[in-house]
Amino acid sequence: MRKNTETRFQGQMPDRHLLQLYGGAYNMRIVVKTNNLSREEWHRYRTKGIGGSDVGIIAGINPFKSVHQLWLEKTGQIEAEEGDSEYAHFGTLLEPIVRKEFTERTGIKVRQKHMLLQSEEHPFMFANLDGAINMDGEFCIFEAKTASAFKQEVWEEGTPAPYILQVQHYMAVTGAKRAYIAALVGGNRFFWHEVERDDGLIGKITAMERHFWETYVLGGVEPVPDGSEATTSYFNSRYGSSNGETIELPAEALAVCDEYERASRQLKELEEVKNAAANQLKCYLKEAESGTVGGRTVTWKPISKRVVDSKRLRAEQPDIYASYLTQSSYRRLSVA
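**Observations concerning the overall build of the protein**
Next, step 1: When helices and strands are tallied, the protein shows 12 helices and nine strands.
Next, step 2: A compact globule built from 336 residues would reach a C-alpha radius of gyration of about 20 Å, whereas the protein, at 26 Å, exceeds it by more than 25%.
Next, step 3: Its C-alpha atoms put the protein at 80 × 55 × 50 Å along the principal axes.
Next, step 4: When each of the 336 residues of the protein is scored for burial, the buried share is 35%.
Next, step 5: A separation threshold of at least 6 residues defines the contact pool for the protein, and within that pool the share at least 24 residues apart is 67%.
Next, step 6: Of the accessible surface of the protein, which amounts to about 21900 Å², a share of 51% is contributed by carbon and sulfur atoms.
Next, step 7: Here the protein contributes 42 positive and 46 negative side-chain charges, whose respective centroids are spaced 2 Å apart.

**Brief notes about the pattern of salt bridges**
Next, step 1: Per the counting criterion, the structure on display carries 15 salt bridges.
Next, step 2: Across the pair Arg178 and Glu138 runs a salt bridge whose closest N-O atoms are separated by 3.7 Å. With a gap of 40 residues between them, Arg178 in strand E6 (residues 178-185) and Glu138 in strand E5 (residues 138-147) connect regions that are remote in the sequence.
Next, step 3: Overlapping salt bridges bring together Glu138, Arg178, Glu194 and Glu196 as one network.

**As for the nonpolar core**
Next, step 1: If you look at the biggest cluster of nonpolar residues, it comprises 39 residues, and the most contacted ones within it are Leu117, Leu129, Ile141, Trp155, Met171 and Phe212.
Next, step 2: Beyond its immediate sequence surroundings of up to four residues, Met171 is in contact with Ile141, Ala176, Lys177, Arg178, Ala179, Val195, Glu196, Arg197 and Ile202.
Next, step 3: Listed in part, the 12 residues of the second largest apolar core include Val98, Ile108, Phe142 and Leu184.

**Here's the deal with the pairing of strand E4 (residues 131-135)**
Next, step 1: Where E4 meets E5, five bridges bridge the pair, whose relative direction is antiparallel. Within the sheet, the bridge partner assigned to Asn134 lies in E5 and is Phe139.
Next, step 2: As consecutive antiparallel partners, E4 and E5 are separated by two residues, and within that stretch Asp136 has a phi angle of approximately 55 degrees, a positive value.

**A closer look at the sheet that holds strand E7 (residues 189-196)**
Next, step 1: With respect to topology, four strands assemble into an open sheet ordered E4-E5-E6-E7, the strand pairing being mixed. Every interior strand has two partners, whereas the edge strands, E4 and E7, have only one. Averaged over all adjacent pairs, the angle separating strand axes in this sheet is 25 degrees, with direction ignored.
Next, step 2: Along the sheet, helix H5 (residues 86-106) makes contact with E4, E5, E6 and E7, crossing E5 at roughly 130 degrees.

**Brief notes about helix H9 (residues 229-238)**
Next, step 1: Those residues of H9 that fall on the buried side of the exposure criterion are Ala230, Thr231 and Tyr234. Looking straight down H9, one finds that the buried residues subtend no more than 95 degrees of arc, so they occupy a single side. Facing away from the buried side of H9 by over 90 degrees, the exposed positions are Glu229 and Asn236.
Next, step 2: Among the structural elements, helix H4 (67-74) are those in contact with the buried residues of H9.

**What about the packing of helix H7 (residues 161-174) against helix H8 (residues 199-218)?**
Next, step 1: The N-to-C vectors of H7 and H8 enclose an angle of 90 degrees; their axes lie 10 Å apart at closest approach. Of the possible angle classes, the one that applies to H7 and H8 is roughly perpendicular. Residues Ile164, Leu165, Gln168, His169, Met171 and Ala172 of H7 touch H8, and the partners they reach there are Leu201, Ile202, Ile205 and Glu209.
Next, step 2: Of the residues belonging to the contact of H7 with H8, the class tally is seven nonpolar, two polar and one charged.

**Some details on the confidence of the model for the protein**
Next, step 1: This prediction gives the protein a mean pLDDT of 88; 91% of its residues lie at or above 70.
Next, step 2: By mean pLDDT, the top-scoring element of the protein is H8 (97), and the lowest-scoring one is helix H1 (residues 16-21) (49).
Next, step 3: Here residues 2-17 scores under 50 on pLDDT; set against residues more than four positions off or in separate chains, the count is 47 contacts.

Calculation rules
- Residues numbered from 1 in each chain as written.
- Predicted model: local features only at pLDDT ≥ 70, side-chain atom pairs only at ≥ 80, totals over all residues.
- Heavy atoms only, no water.
- Helix = DSSP H or I, 4+ residues; strand = E, 2+ residues; numbered from the N terminus.
- Rg over C-alpha atoms; globule rule 2.2 N^0.38 Å.
- Buried < 20%, exposed > 50% of the residue type's maximum accessible area, 1.4 Å probe, protein only.
- Contact = heavy atoms within 4.5 Å.
- Areas by Shrake-Rupley, 256 points an atom, 1.4 Å probe, with all protein chains shown as cover.
- Lys, Arg positive; Asp, Glu negative; His and termini not counted.
- Charge placed at Lys NZ, Arg CZ, Asp CG, Glu CD.
- Salt bridge = Lys/Arg side-chain N within 4 Å of Asp/Glu carboxyl O.
- Core = buried A, V, L, I, M, F, W, Y, C linked by side-chain atoms within 4.5 Å.
- Pairing = 2+ DSSP bridges.
- Axes fitted to C-alpha atoms, helices over the stretch in contact; angles between N-to-C directions.
- Arc of directions from axis to C-beta.
- Parallel < 35°, antiparallel > 145°, perpendicular 65-115°, else oblique.
- Nonpolar A, V, L, I, M, F, W, Y, C, P; charged D, E, K, R; others polar.
- pLDDT = per-residue confidence, 0-100.

Below, the structure written as structure tokens:
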């Protein structure tokens with residue numbers, strides 16, 4: 001395993017125009033200008049520190065990538081997947097449109113600075129900004145996002161949590177006091193929100209990132225897998241097939257087996273409690289479709305759906321049945 005042993009770059013100090021734009025925030029340096037970097041070079045620089053999009057992963061609130069996968073990427077054991085999907089591709093493609101629309105709606109001019117920044121105080125913290133704003137001498141951050149129509153309600157309520165962490169991370173790196181985040185949702189709804197600097201949250205983010213970087217990346221310690229959907233999906237995908245071998249597990253795995261069995265029993269007990277409560281409610285409702293109590297509504301509606309009678313199809317039309325069969329496989333975990 002390759003260890004990351006260097007996080008501080010010689011870099012460049014910001015030029016006069018950049019310092020003017022940043023309103024005197026001197027607690028950072030330019031690692032590299034990014035406008036001419038190749039994809040390989042960009043990913044290499046990304047392994048040298050923690051970027052804004054990494055924060056939600058470390059915090060365990062990113063549904064698409066686990067801490068374990070991020071650790072493998074930062075230590076060079078696997079290639080980073082970010083930027084490979086069409087979703088990420090079109091997000092980058094639409095970024096100038098989101099930036100232009102924000103300026104048209106707010107009158108706030110956003111400047112692009114193609115550079116990777118590094119915190120002087122915390123060298124493991126990097127920032128690659130979508131834009132920078134000089135608001136009467138005050139430096140502010142701009143971040144552009146795109147989202148599916150399914151996220152409209154989330155954006156109506158405010159800035160999603162992962163992006164709050166992202167811009168707070170950027171404010172920690174740059175010293176900015178405020179950030180603006182704009183999003184094109186579903187291709188036809190536009191939202192923008194202002195996020196103030198939160199030094200308390202920044203302190204927690206910095207401590208969390210330092211622990212990840214120093215313990216796992218520099219220390220070469222493999223993170224203990226959590227129970228997030230992203231981690232589950234990652235292990236099921238990465239180790240989707242077995243080699244048929246039997247190995248000796250480490251001694252600490254015995255305690256994990258006990259925890260697995262204990263949790264399984266608790267789930268079964270809770271399922272029985274849930275079923276008992278459901279049956280009590282059904283007993284109250286009987287033939288009624290719905291009932292109300294204390295402002296709560298309980299419904300027990302009939303649901304009908306049409307399904308293929310596979311048993312009959314296999315008996316009467318075996319050739320047709322066989323032609324539509326597909327094979328899938330997965331690994332089932334059991335503890336004995």
